[in-house]
Amino acid sequence: MKGAQYLYAVKDKQVKLLMSGDIVDFIISKGNLYLLTDEFADYFSEPSHTTYEGNLYTVPLKDANDDWSRLKHLGTPGYFYGYQVKLSRYEKDVLMVWQYFDAPIWEIKEGGIITRGVDLRTRTPEKTLGYYKVPLDGSSHEKIRDLTKEEYPELEE
């Protein structure tokens, strides 16, 4: 569903718009809809990234038709999940992030979402690149491992 702008539900020949926006992928599991969005459009720079909340959401499927107020972020605030990114510095202090538009890397396993992530709020995001387990209840994630050199292009200075 890469690049989609609308998510619809079809039931009994009725079509209902569930959500519009920068939806790049979704998973339905155990009565919940999990959404991965692309909320920073290829690059991000300081200081605006310090207020970034994240791009991974959930809503109970029963509410997806009517009550999007129950849509909530998952994981640790400031993390961009799901994609391979390239980090670089512009004029020394400005963080720039480019997203590679490959298929998102995320899956639901026992008790959580396993995905790549990077913290866009920190001044040293390269230290946070890794695989994370994000609990399905919305609490903070747990780092599983760092990315290998093959999984991540070097930071450009």
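Residues numbered from 1 in each chain as written. Predicted model: local features only at pLDDT ≥ 70, side-chain atom pairs only at ≥ 80, totals over all residues. Heavy atoms only, no water.

1. Observations concerning the sheet that holds strand 4 (residues 32-37)
Ordered by their spatial adjacency, four strands build an open sheet running 3-4-5-6, and the pairing between neighbours is antiparallel. Two strands bound the open sheet, and with one partner strand each, they are strand 3 (23-29) and strand 6 (72-73). Pairing of strand 4 with strand 5 (residues 56-60) involves five bridges; the strand directions are antiparallel. For Tyr 34, the partnering residue across the bridge sits in strand 5 and is Thr 58. (Pairing = 2+ DSSP bridges. Helix = DSSP H or I, 4+ residues; strand = E, 2+ residues; numbered from the N terminus.)

2. Description of the nonpolar core
Counting 21 residues, the largest nonpolar core has Leu 36, Leu 56, Phe 80, Tyr 81, Ile 113 and Val 118 as the members making the most contacts within it. Sequence-distant contacts of Leu 56, defined by excluding residues within four places in its chain, comprise Leu 35, Leu 36, Lys 72, His 73, Leu 74, Tyr 81, Trp 106, Ile 113 and Val 134. Judged by nonpolar contacts, the second largest core, of six residues, contains Leu 7, Leu 33, Tyr 57 and Val 59. (Core = buried A, V, L, I, M, F, W, Y, C linked by side-chain atoms within 4.5 Å. Buried < 20%, exposed > 50% of the residue type's maximum accessible area, 1.4 Å probe, protein only. Contact = heavy atoms within 4.5 Å.)

3. Here's the deal with the side chain of Asn 55
Following the sequence through the fold, Asn 55 ends up in the loop between strand 4 and strand 5. Note on Asn 55: relative accessible area 0%, which makes it buried. Among the polar contacts listed, one links the side chain of Asn 55 to the backbone nitrogen of Tyr 81, at a separation of 2.8 Å. (Polar contact = N/O pair within 3.5 Å; in protein donor to acceptor, adjacent residues only side chain to side chain.)

By themselves, these figures tell us nothing about what the structure is for.
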